[in-house]
Amino acid sequence: MAKNVLIVDDSATMRKIIMRGIRQAGIEVADFKEASDGVEGMKAVEAGKFDLILSDVNMPNINGLDFVKAVTQKLGTP
């Protein structure tokens, strides 16, 4: 079953490396969405549903830890 994946990282190069690694691992992905920081990541979460979210920790605006906390609160997941 294909997955929808959100990659949140302030480095466009790192986002591309992660996408390539997932593809090379043979994981079937229906769609990749990218966000350059936690603010964009939250907008993506509010606009769509993801099976997997990968986030950098050290980012501008909203860091990765605060982003994960916000997503957890939004989705109601402990």
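Up top is the structure.
Anyway, here's the lowdown on the structure attached to this text. (Residues numbered from 1 in each chain as written. Predicted model: local features only at pLDDT ≥ 70, side-chain atom pairs only at ≥ 80, totals over all residues. Heavy atoms only, no water.)

**A few points about the sheet that holds strand β3 (residues 52–55)**
If you trace the three strands from one edge of the open sheet to the other, you get β2-β1-β3, paired in parallel fashion. Each having just a single partner strand, β2 (29–35) and β3 make up the two edges of the open sheet. The sheet shows a mean angle of 15 degrees between the axes of neighbouring strands, direction not considered. Here strand β1 (residues 3–8) pairs with β2 via six bridges, running parallel. Paired with Lys3 across the bridge in β2 is Val29. In the packing of helix α1 (residues 12–24) onto the sheet, contacts are made with β1, β2 and β3, and the angle to β2 comes to roughly 165 degrees. (Pairing = 2+ DSSP bridges. Helix = DSSP H or I, 4+ residues; strand = E, 2+ residues; numbered from the N terminus. Axes fitted to C-alpha atoms, helices over the stretch in contact; angles between N-to-C directions. Contact = heavy atoms within 4.5 Å.)

**Thoughts on the packing of helix α2 (residues 38–47) against helix α3 (residues 64–75)**
Pairs of packed helices are described in terms of their axes, by the angle between the two and the distance that separates them. As a packed pair, α2 and α3 sit with axes 10 Å apart at the nearest point and diverge in direction by 20 degrees. The angle between α2 and α3 places the two elements in the roughly parallel class. Every pair of crossing elements has a handedness; the one defined by α2 and α3 is right-handed. In this structure, α2 uses Gly38, Gly41, Met42, Val45 and Glu46 to contact α3, whose residues at the interface are Phe67, Ala70, Val71, Lys74 and Leu75. Residues that form the contact of α2 with α3 fall into these classes: six nonpolar, two polar and two charged. (Parallel < 35°, antiparallel > 145°, perpendicular 65-115°, else oblique. Left-handed = near helix turned anticlockwise from the far one by under 90°. Nonpolar A, V, L, I, M, F, W, Y, C, P; charged D, E, K, R; others polar.)

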